[in-house]
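So you can see what is in the structure, the chains are spelled out below.
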Amino acid sequence: MKNEEIVKYTADELSKELGTSDIGLASDEARSRLQRYGFNEIQEAKKSPLISKFIANFTHLLAILLWIASILSFIGGMPELGWTIILVIVINAVFSFWQEFKAEQATESLKKMLPSYVKVIRDGHQEKILARELVPGDLIYLEEGDHVPADARLIEAFDMRTINAALTGESNPVRRSADAIQEDDGTLLHSPNIVFMGTTIASGSGTAVVYATGMDTQFGKIASLTQNIKAEKSPLQKQLTKVAKVIAYLSLVMGIFFFLLGLMMGRSLVDTFMFAIGIITANVPEGLLPTVTLALAIGVQRMAKRHALVKKLSSVETLGGATVICTDKTGTLTENEMTVKEIWTPARDYMVNGVGYEPKGEIMAGGEKVDEQHLPEELATLLKIGLVCNNSRLVEPSRENQNWNIIGDPTEGSLVVLAGKAGLTRDKTLEEYPLVSQIPFDSRRKRMSTVHDAGENDVYVFTKGAPKEIVSVCSHILKENGKVEQINEEDIQSIFSQNDKFARDGLRVLAMAFKKMKKSGETYTVEQVEDHLVFVGLTAMMDPPRPEVEQAVGQAQKAGIKIIMITGDYGLTAESIARKIGIVKSNHPRIISGSELDKLSDENLKKELKHKEIIFARVAPEHKMKVVAALKEMGEVVAVTGDGVNDSPALKKADIGIAMGKTGTDVARDVATMVLTDDNFASIVNAVEEGRAVYDNVRKFITYIFAHLTPEAIPYILFSLFNIPLPLTVMQILAIDIGTETLPALALGVERPEPGVMNRPPKLPKERLLNFPVFFRGYILLGLINTAAVLSGYFWVLYRGGWHWGQILANGSSLSREAATMTFLGIVIMQVANVFACRTEVASMFGIGIFTNKLLNMGVVFELALTAALIYIPFMREIFGTYPVPLSYWFFYVAFVPVLIAVEEIRKLVLRRKLRLAESH
């Protein structure tokens, strides 16, 4: 069969040609076809080979600086120094490559955690399968927000429009039809009865038969895959690049300064040149950028374990700075497992028992169970409307899933379950009322309608939606015993009063209406269908708040994050839920409706957004965009949740767009930066915590590497100014550089969020990573304590060996080497104390457990083992100019470790008190 001819087939001809039927493929046949045709996947473009990525680590700016230093060392007749610098380059290149590789693995694993699903009809039942498992002949159901998973021919379409921009570049929605085309222009791409892989359902719904999958689709033939998870530099990484450059340039300046200082003080050209190169090499933060990349990747992996899949590494630190979260109500703050609890009709009230999706329970009237065989007419009508004006399906328990479940919208699912409790089934009801047409739900109309054959020349219209919107198109009302009367003001007030009562109890309310009308051909418009309806009644559904949300809301508020609920629900319902979970605590929160929001100017909206407690109720998804834009103009860092097609602009506009993994549309998940696999608000707060931890960890790393630069520089200044013996050789400086900036640095990059990280306000958007507090803590506070300890050890060894001030020791003498080794040993031991002190920025290091970071423990053992090797292995001593000092020398610095820890603990205590004071105000 030629693909071009598929547009001409009728539904029966198409089924015959593709070997399928109206009940879909049999499971065995689908498995057989999967073997024959392969997975429905586009082959990925080849990536850069690993060797290219490895070589790139030898050619960036910082590496080039080290290569130059190495070449100068060889030219200057110092091959040992040259080879040592090359060793530094190689070690850092391997380290960087390994971290980048791990980061790439993290993003690759995330792709696998974001699979695409499709609703397919097999063996006569609708089920959800992985889109990659589709085969030609499969019957698929498509609705608003879905990505089309394969090329397919429509056999049923209800007001369907698709966006074909991925193939044609045209972003305007294009109408689709299921009709066969007898004469066409031969261009398959423009055939109205075909939907293509890579395109999106903009509105409506329909059923189609797959005829091409994978590389046989139009998309497979003309498009190369664009990766969902892009490895692009984050603002943090860009800032770090600048920091690294600044430090590199400072290293050059320091190197030149020490070179000139040494010459001015009469030092030999060789000594000053070597030391200058050593200072430049030691100060270059080669491990900074890869450590950050890995810290981000580790953050992403941790978020994934906490049900938040971040699609880009670049979003992690943005999350940590979020100041406002705009959240939906249903499913995010609530369980999203709707259960109808009450029914109200003008004739009588009904109570419904049973919870969850199992159609087990009873409908009660006046304390007695309603007889399924003799349902009151108004109740039977309401149940049938809810059952067939509906796109969800009830799924019975299976071996894979032991629970009753639904495919589709949970609100609609609760209506299917409700009808099941009265003994009604969808298939039998549709036999009685065959579906003719459908007008899908629209967030502006807040209604959905279906048209059903009523025999002869008539059709029934069944409509459900928001109570006020349903009442606005009703001219009559169904009373007791099936009596239809004209609706009056008293009826309307009675409906609205009951709606308010349900809403105050936190229940979600839907209204039902119907009418009988004459057939009007093949198409039905909103104007024809949704007018002069007969009001039937209200269903009130319970969707309880998630138990963990109240704590998460409190945690977010404590962290200085404002929470704004944006919902399509009625204001009283929204307020009731917001009050239960702690978003609202005052007696009179500001509640703004969609109609009021339309009238607000941007300036007035910004004034309203300054309210401490604000809820947007009965709003359309498009309103989110207006709210998000206003918040961003106010300088806020905005996270916003969304699940529908119309949420996409707001998700794109927000700093962090958060899509729902369970109930969200493909379009929403595609544009979002983060996907919640459990649709849970608490997962957003967890992700913010992880985001803050990543930013903190980068600062801890910078503090740590800065802390050893001061005790390397000051001794040399003293050496140049006061003619004391050389306190530290250039090879020892390089040994410190190799030993202290690998595993310990990496370990700080993977620290877990410290206690109290969510008790601090968010960082300011323009706050610099390398600010004064970081500089002061690393270079000055920790650096000077380290220097004091190191110089104490250095002079102790000299005086112990009989040296006196002004005495000149020959380079390479035993005492000179012993003193220099003591300096080297002091820097290493104080760095061990530093790395434990740097594990927290505000919290006490004792509060997190001193040895809880296993990678850090390994890093410290490695650092000390390397130091011992450099001091005690003979050939290493020759290379690095060390001396085999007694073991007791190691314990000399033990007295300084508590001093450093105590000073850091006092600093942290002062910070915690400041934060508590700010919090109380």
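Preceding this section is the structure that the text describes.
Every chain's residues receive numbers from 1 upward, in the order its sequence appears when written. A pLDDT threshold of at least 70 governs which residues receive local features in this predicted model, and a stricter bar of 80 or more applies before side-chain atom pairs are shown or counted, although totals over entire chains, interfaces and linings include all residues. The side-chain quantities take in all heavy atoms of the structure and omit both hydrogens and water.

K.L.:
Describe the pattern of salt bridges, listing the residues and the values that go with them.
P.N.:
In what follows, salt bridge is the name for a side-chain nitrogen of Lys or Arg lying within 4 Å of a carboxyl oxygen of Asp or Glu. For the structure shown, the criterion picks out 42 salt bridges. Here Glu 575 and Arg 579 are joined by a salt bridge, their closest N and O atoms 2.7 Å apart. Of this pair, Glu 575 and Arg 579 both sit in helix α19 (residues 571-581), separated by 4 residues, roughly a single helical turn. Assessed through its relative accessible area of 32%, Arg 579 is described here as partly exposed. When the shortest N-O distance is used, the salt bridge between Asp 696 and Arg 760 registers 3.2 Å. Of the two residues, Asp 696 sits in helix α25 (residues 681-707) while Arg 760 sits in the loop between α28 (743-749) and α29 (772-800), which places them 64 residues apart along the sequence. Helix and strand definitions follow DSSP, with helices as H or I runs of at least four residues and strands as E runs of at least two, each counted in order from the N terminus. Remark: exposure states derive from per-residue accessible area (1.4 Å probe, protein chains only) relative to the maximum for the residue type, with buried under 20%, exposed over 50%, and partly exposed in between.

K.L.:
Hey, could you go over the sheet that holds strand β28 (residues 674-676) for me, with residue numbers and the actual values?
P.N.:
Strands qualify as paired when DSSP identifies two bridges or more between them. Spatial ordering of the open sheet is given by β8-β28-β27-β26-β9-β23-β25-β24, a layout of 8 strands whose pairing is mixed. Two strands close off the open sheet at either side, each with one partner strand: β8 (308-310) and β24 (590-593). Strand after strand, the sheet turns through a mean of 20 degrees between neighbouring axes, direction not considered. Taken together, the 3 bridges between strand β9 (residues 324-327) and strand β26 (residues 638-642) define a ladder with parallel strand orientation. All axes are obtained by fitting lines to C-alpha atoms, using only the stretch in contact for helices, and the reported angles, taken between N-to-C directions, cover 0 to 180 degrees.

K.L.:
Provide a residue-level description of the packing of aromatic side chains, including the pertinent values.
P.N.:
Working definition: a ring pair exists when centres of Phe, Tyr or Trp rings (six-membered ring for Trp) sit within 6.5 Å. Plane angles under 30 degrees give stacked, over 60 give edge-to-face, the rest tilted. Following the criterion strictly, the structure yields 22 aromatic pairs and no others. On the numbers, 5.9 Å between centres and 80 degrees between planes, the contact of Phe 836 with Phe 851 is edge-to-face. In this pair, Phe 836 is assigned in helix α30 (residues 814-837) and Phe 851 in the loop between α30 and α31 (854-872), connecting sequence segments 15 residues apart. Accessibility expressed as a relative area gives 11% for Phe 836, which makes it buried. A connected cluster of aromatic rings, assembled from ring pairs, spans Phe 722, Tyr 794, Phe 795, Tyr 799, Trp 803 and Trp 805. Only when the NZ atom of a Lys or the CZ atom of an Arg is both within 6 Å of the ring centre and within 35 degrees of the ring normal do we say a charge sits over the ring. Directly above the ring of Phe 39 sits Arg 132, whose terminal nitrogen or CZ lies 3.7 Å from the centroid. Above the plane of the ring of Phe 496 lies Lys 468, whose end atom (NZ or CZ) is 5.7 Å from the centre.

K.L.:
Explain the environment of Val 395 residue by residue, including any values.
P.N.:
Examined against the element boundaries, Val 395 turns out to sit in strand β14 (residues 393-395). By relative accessible area, which is 28% here, Val 395 ends up partly exposed. Distance from Val 395 to Gln 551, taken between C-alpha atoms, is 33 Å for residues 156 residues apart in sequence. Discounting residues that sit within four places of it in the chain, Val 395 has contacts with Asn 403, Trp 404, Asn 405, Ile 406 and Ile 407. Whether two residues are in contact is decided by their heavy atoms: any pair within 4.5 Å suffices.

K.L.:
An account of the nonpolar core is needed here, citing residue identities and associated values.
P.N.:
By convention a nonpolar core is built from buried Ala, Val, Leu, Ile, Met, Phe, Trp, Tyr and Cys residues, the set being connected through side-chain atoms within 4.5 Å. Ile 583 and Phe 681 are the most contacted members of the largest nonpolar core, which has 125 residues in total. Examining the composition of this core, we find that 15 residues originate from one element, α25, more than from any other. Formed by 32 residues, the second largest nonpolar core is a distinct cluster that contains Leu 383, Leu 424, Phe 462 and Leu 510.

K.L.:
How would you summarise the packing of helix α18 (residues 549-558) against α25 if you had to cite specific residues and measurements?
P.N.:
Running from amino to carboxyl end, α18 crosses α25 at an angle of 35 degrees, the nearest separation of the two axes being 8 Å. Here α18 runs over α25; the crossing is left-handed. In this structure, α18 uses Val 549, Ala 552, Val 553, Gln 555 and Ala 556 to contact α25, whose residues at the interface are Phe 681, Ala 682, Val 685 and Glu 689. A clockwise turn of the near helix away from the far one marks a right-handed crossing, whereas an anticlockwise turn of less than a right angle marks a left-handed crossing.

K.L.:
Give me the side chain of Asp 679: which residues, what numbers.
P.N.:
Examined against the element boundaries, Asp 679 turns out to sit in the loop between β28 and α25. Here Asp and Glu are counted as negative and Lys and Arg as positive; His is not counted, and neither are the chain ends. This buried residue, Asp 679, is left without a salt bridge; Arg 546 holds the nearest opposite charge, at 5.6 Å. In contact with Asp 679, other than residues within four places in its own chain, are Gly 331, Thr 332, Arg 546, Met 660, Gly 661, Lys 662 and Thr 663.

K.L.:
A description of the packing of helix α12 (residues 377-388) against helix α13 (residues 410-421) should follow, citing residues and the corresponding values.
P.N.:
Direction vectors running N to C along α12 and α13 enclose 135 degrees, while the axes themselves pass 8 Å from each other. Taken as axis vectors, α12 and α13 run oblique relative to one another. In the packing of α12 onto α13, the handedness of the crossing is left-handed. Every residue of α13 that contacts α12 at Leu 383, Gly 386 and Leu 387 is listed here: Leu 415, Val 416, Leu 418 and Ala 419. Angle categories: roughly parallel below 35 degrees, roughly antiparallel above 145, roughly perpendicular from 65 to 115, and oblique for all the rest.

K.L.:
Give me unusual backbone geometry: which residues, what numbers.
P.N.:
Backbone geometry places Asn 481, a non-glycine residue, at a positive phi of 65 degrees. The residue His 532 is not glycine, and still its phi comes out positive at about 55 degrees. Along the chain, His 532 turns up in the loop between α17 (526-529) and β22 (533-542). Given a relative accessible area of 51%, His 532 falls into the exposed group.

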